[in-house]
Amino acid sequence: MSEDKAVELGYVIDPAFQGRGKILLYGHTHESKEDKFYQSCLRQMQENDCRHAYDACDGKIRACNVGCMLSYMNYTPRTLEEILVGVEVKE
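Presented here is a report on the structure given in the accompanying data block.

Rules and cut-offs
Residues numbered from 1 in each chain as written. Predicted model: local features only at pLDDT ≥ 70, side-chain atom pairs only at ≥ 80, totals over all residues. Heavy atoms only, no water. Buried < 20%, exposed > 50% of the residue type's maximum accessible area, 1.4 Å probe, protein only. Helix = DSSP H or I, 4+ residues; strand = E, 2+ residues; numbered from the N terminus. Pairing = 2+ DSSP bridges. Core = buried A, V, L, I, M, F, W, Y, C linked by side-chain atoms within 4.5 Å. Expected span 1.5 Å × (residues − 1). Arc of directions from axis to C-beta. Phe/Tyr/Trp six-rings, centres within 6.5 Å; stacked < 30°, edge-to-face > 60°. Contact = heavy atoms within 4.5 Å.

## Here's the deal with the pairing of strand β2 (residues 22-26)
- Burial analysis of β2 places four of its five residues in the buried class, the great majority of the element.
- With three bridges joining them, β2 and strand β5 (residues 63-65) adopt parallel strand pairing. By the bridge assignment for β5, Tyr-26 is matched with Asn-65.

Next up, the structure:
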């Protein structure tokens, strides 16, 4: 994963600003309706082949909620690899 670049932001942004090969890490959404809507939008962008929302190489969404209360975060600092595994397990 050395070629991946992580971008951490406090709030959700338009995935078009990520650029290819980047991963958006975001929080402060607390598994809210807004976060569910955002993730739904990302999936729809992927289904419609909008490559701003996912990595074209592996077809995975590259926007991860890193809220501390999530089961894969468990109020503990995590590596990028741990976060990506946790997001996959959650889905």
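## Observations concerning the nonpolar core
- The biggest cluster of nonpolar side chains holds 11 residues, and these are Ile-23, Leu-25, Cys-64, Val-66, Leu-70, Tyr-72, Met-73, Leu-80, Ile-83, Leu-84 and Val-87.
- Taken together, the elements giving at least two residues each to this core come down to β2 and α2 (80-90).
- For this core, the element with the highest residue contribution is α2, accounting for four residues.

## Regarding helix α1 (residues 33-47)
- Spanning 15 residues, α1 covers 21 Å between terminal C-alpha atoms, matching the ideal 21 Å at 1.5 Å per step.
- Along α1, the residues classified as buried are Asp-35, Tyr-38, Gln-39 and Leu-42. End-on, the buried residues of α1 take up no more than an arc of 95°, which puts them together on one face. Summarising the geometry of α1, the exposed residues directed more than 90 degrees from the buried face are Lys-33, Lys-36, Phe-37 and Glu-47.
- Positive backbone phi, approximately 60°, marks Asp-49, located one or two places after α1.

## Notes on α2
- Turning to α2, its buried residues number three or more, namely Leu-80, Ile-83, Leu-84, Gly-86 and Val-87. Around the axis of α2, the buried residues are gathered within 160° of arc, so they sit on the same side. For α2, the exposed residues set more than 90 degrees away from the buried face come down to Val-85 and Val-89.

## A few points about the packing of aromatic side chains
- By the definition in use, this model includes one aromatic pair.
- Ring geometry for Tyr-26 and Tyr-38: centres 5.3 Å apart, planes at 85°, overall edge-to-face. Of the two residues, Tyr-26 sits in strand β2 while Tyr-38 sits in helix α1, which places them 12 residues apart along the sequence. Taken individually, Tyr-26 and Tyr-38 each receive the classification buried, so the pair is uniform in this respect.

## Regarding the side chain of Gln-39
- Among the structural elements, Gln-39 can be located in helix α1.
- Take Gln-39: its relative accessible area is 13%, and that puts it in the buried class.
- Every residue in contact with Gln-39, bar those within four places of it in the chain, is listed here: Tyr-26 and Ala-63.

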